[in-house]
Amino acid sequence: MKSQETLFEIAPAADWNEAYPLGNGRIGAMIFDGTADDVVALSEDTLWAGRPDSEYPVVLKDTLPMLRRLLREGRYTEASDRFWKICGEKPGPGFRDSAVFVTAGNLHIIADDPAARGYTRMLDLRRAVDTCSYTGTCGKVSSTAFCSYPDAVFVKRIRSARARNYRLGFDSPVKGSVSATGNEFFFDGVCPAWARKTETATYETADGLTGIAFRVAVRAIAPGAAVAAADDQLVIDGARDLLLLVAIRSNFKDCDTNPEDSGIDFRALCRADLDAAEARGFDAMLKAHTKDVGALYDRSRLILDAPVSEEGVPTGRLIEGSPGKRFAPTTLIALLYNFGRYLMIASSRPGTRATNLQGIWNNMLTPPWGSNYTLNINAEMNYWPAQTTNLAECLEPFESQIRVFAKQGAVAAEKIYGLPGWCLHHNSDIWGFAGPASGCPWWAYWPVGGGWVCRKIMEHYRFSGDNAYLKQWFPILRGAAEFLSALLVEDDEGKLMTSPSTSPEHGFIDPETGEDCTCCEGSLMDLSIIRELFETCLEAAGILRVGIAGDPLLATLAEQLPRLRKPVIKADGCLSEFGNELPDKDPHHRHVSHLYGVYPAAEFTSLRNPDLFRAAWRSLNVRGDLSTGWAMGWRVILRARFLEGDRAERILHHLLTLVSSGPGGHRGGGVYRNMFDAHPPFQIDGNFGATAAIAEMLLQSHETTDDGRTLVRLFPALPKNWKGGRITGLRARGGLTIDIRWGSDGTRTVTIKADRDGRFHFITPWGERSADLKAGGRLVLRPA
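Because the structure is a prediction, the values reported are computed rather than measured.

Draft legend 1. Representation of helix 14 (residues 552-560) in the model. Those residues of helix 14 that sit buried are Leu553, Leu554, Leu557 and Gln560. For helix 14, the angular spread of buried residues about the axis comes to 130°, placing them on one side. Among the structural elements, helix 12 (467-487), strand 19 (496-497) and helix 13 (524-544) are those in contact with the buried residues of helix 14. Its side-chain oxygen 3.0 Å from the backbone nitrogen of leucine 553, aspartate 551 forms the N-cap of helix 14.

Draft legend 2. Structural context of the packing of helix 11 (residues 449-464) against helix 13. Two numbers describe how helix 11 lies on helix 13: the axes approach to 10 Å, and their chain directions differ by 40°. Looking at the two axes, helix 11 sits oblique to helix 13. Seen along the crossing, helix 11 lies across helix 13 with a hand that is left-handed. Where helix 11 approaches helix 13, its residues Gly451, Trp452, Cys454, Arg455, Met458, Tyr461 and Arg462 are matched on the opposing element by Met525, Ile529, Glu532, Leu533, Thr536, Glu539, Ala540 and Ile543. By residue class, the composition of the contact of helix 11 with helix 13 is nine nonpolar, two polar and four charged.

Draft legend 3. Summary view of the packing of helix 11 against helix 12. As a packed pair, helix 11 and helix 12 sit with axes 10 Å apart at the nearest point and diverge in direction by 160°. It follows from the interaxial angle that helix 11 and helix 12 lie roughly antiparallel. Between helix 11 and helix 12 the crossing geometry is left-handed. On helix 12, the residues that touch Gly450, Gly451, Cys454, Lys456, Ile457, Met458, His460 and Tyr461 of helix 11 are Asn467, Tyr469, Leu470, Trp473, Ile476, Leu477, Ala480 and Leu484. Across the contact of helix 11 with helix 12, the residue classes tally to eleven nonpolar, four polar and one charged.

Draft legend 4. Local environment of the sheet that holds strand 25 (residues 710-714). One open sheet accounts for four strands, arranged 24-25-29-30; its pairing is mixed. Here the strands that pair on one side only, and so sit at the sheet edges, are strand 24 (699-704) and strand 30 (767-773). Between one strand axis and the next, the sheet turns by 25° as a mean value, whatever way the strands run. Strand direction decides the pairing type here: strand 29 (residues 758-764) and strand 30, joined by seven bridges, are antiparallel. Looking at the pairing, histidine 761 lines up with serine 770 of strand 30. Contacts from helix 18 (residues 685-698) reach strand 24 and strand 25 within the one sheet, and its direction differs from that of strand 24 by about 75°.

What counts as what
- Residues numbered from 1 in each chain as written.
- Predicted model: local features only at pLDDT ≥ 70, side-chain atom pairs only at ≥ 80, totals over all residues.
- Heavy atoms only, no water.
- Buried < 20%, exposed > 50% of the residue type's maximum accessible area, 1.4 Å probe, protein only.
- Helix = DSSP H or I, 4+ residues; strand = E, 2+ residues; numbered from the N terminus.
- Arc of directions from axis to C-beta.
- Contact = heavy atoms within 4.5 Å.
- Polar contact = N/O pair within 3.5 Å; in protein donor to acceptor, adjacent residues only side chain to side chain.
- Axes fitted to C-alpha atoms, helices over the stretch in contact; angles between N-to-C directions.
- Parallel < 35°, antiparallel > 145°, perpendicular 65-115°, else oblique.
- Left-handed = near helix turned anticlockwise from the far one by under 90°.
- Nonpolar A, V, L, I, M, F, W, Y, C, P; charged D, E, K, R; others polar.
- Pairing = 2+ DSSP bridges.

Right under this line is the structure:
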């Protein structure tokens, strides 16, 4: 059904959260499709505040023993108060913190005939093309816009029945200047050298150095029209066919190189991009673009049976009507899955930067939370769908950023802790900042981030079976494990744990003082991440035949692994988030960090640690289903792991609640009219989490049988309301590609293709079957 792969409205975007996103992994464009002032909000993935910096003024190696002593004595309030002062309450230019992602600015396409009738605008996900049409005073007007990965430019073409006049302008909250000449105009900007809030943005360091410099170059091509530069605008008279090409380049090279020393002529690169695009022409660019996107998008598509009444309804209207229905409209469920994959293709391509809190889209100088890499869930969640929904290539930018994290993290580990290996905390940026953030310890101090990001490495191997890849990445895995191995301390019983320890952004009540506290000994998330990393390192070493005898660290990991403190089940049957019976500050907190072992890891399953699996289920029940947008995405995928399809669907229903961009209306978690996830505000991780969750409801492959087979569950959490549908191209660990089709009449067909030899056990609603598949082999499962 077309509505399941298309966003559609009958009015221009009233604000940024109604605009449609286009992207080529590097350039992001938000399309308003206005009739009088047609705004294109532009961003580019290297536009960050800051400069290379390996200074870490918060040094903890001399203060950790004092904090550990206080925690051992149960003086949680005192330890938390002291730690807060160490981390710093008021960051400023002298305090090293993560940098912010910066907008490029807004292109304004101003037409002289604002009246419009019969207006429609549409985002075609399969083609990654925005189209708009209406009738104005100059007759029929139509536009086509896309962001080309092959041609490295944003393209918009506007055609009208009769000639129109335009003015093209640009504005930006970033410091810079606009100039125009011939049929081109430029915005030359410079990112702040430091910024966390707009009012404190600093464009020069104390010694006069600036941030990343960039150019936005716009070229207007209008055959038969008059195009002239007028001050800081382009004036176009008498155009029936206007083609706009936009290039954006910066002088960012890497995390070590000062922008001014990069040797990158970004202005010349802009001109080369525009020249090549103009020479290729609109039709050829559009053809290359749709072929490029289609090769990725068409691998996996979800289509669900839906009422005819949902077809052709504007997307925003469908969302508005969702809360009043018993079930979420299946059109929106399918659209949510397909849109998440679309966003990944648009925001993360080989050679670009990893997606941040807002992907690659931003209209602010200092966006919420800096739109940075928030590593205690959000940056990792961005890539949850990459493997399962068949977009492994889109992981490359995140993998490249892991190398940056590891490089900077080695400096941070030595300077902050005096320890080997590499560390990573809560927040980072394009420069790879690896130290503690500022402020409250429950977000400032979280040194296990390296362990979480490294799970992408082993997951890549489990899906691909690529030994050369694993060998290439093994030193990164080893370095993360080396740091965390050295960070561990013994408790009174000789078990190993972290201290001080936090559970991201959540705290507990001190039983002695009644005060809110931030740090404990051995939070469950810390130890789940460390246990998984140590197991992963040892597993990878075995695959690569790296002997323990030849590597003292591997021997240490093997000795430490069984000594890690075990998870604790509290008297109420729930998992202890903070290592013992300490009461939660907020039982319904948005983070479910203590359930890391259920998802994304596989430490707690019905086959492995079933008692802890049941305790995790009770813990999730206490947390509740309603939360912020991204947090509901995590809850959906947890419910899928607990095989609760109907409950997972109910959370998706809550997620599909329209959030108001202005005053009034729903202000909790949900989605905006353009399907962007709303924390609120916009955070793209919720979109990616929801897509991964829907895939997990239909296919799971994270478990292994006692005899070593990959356990593949088919339809593990299929809601009753999804009566029929089909999904193509899901990926399972062990190298399987799986197409699934089901009908309201009970028919089921599962088609399985193997990339490599493997041993599998399949569990379906109609029975179980083991199979040994060869590379290139095919297996079809259906009820007898």
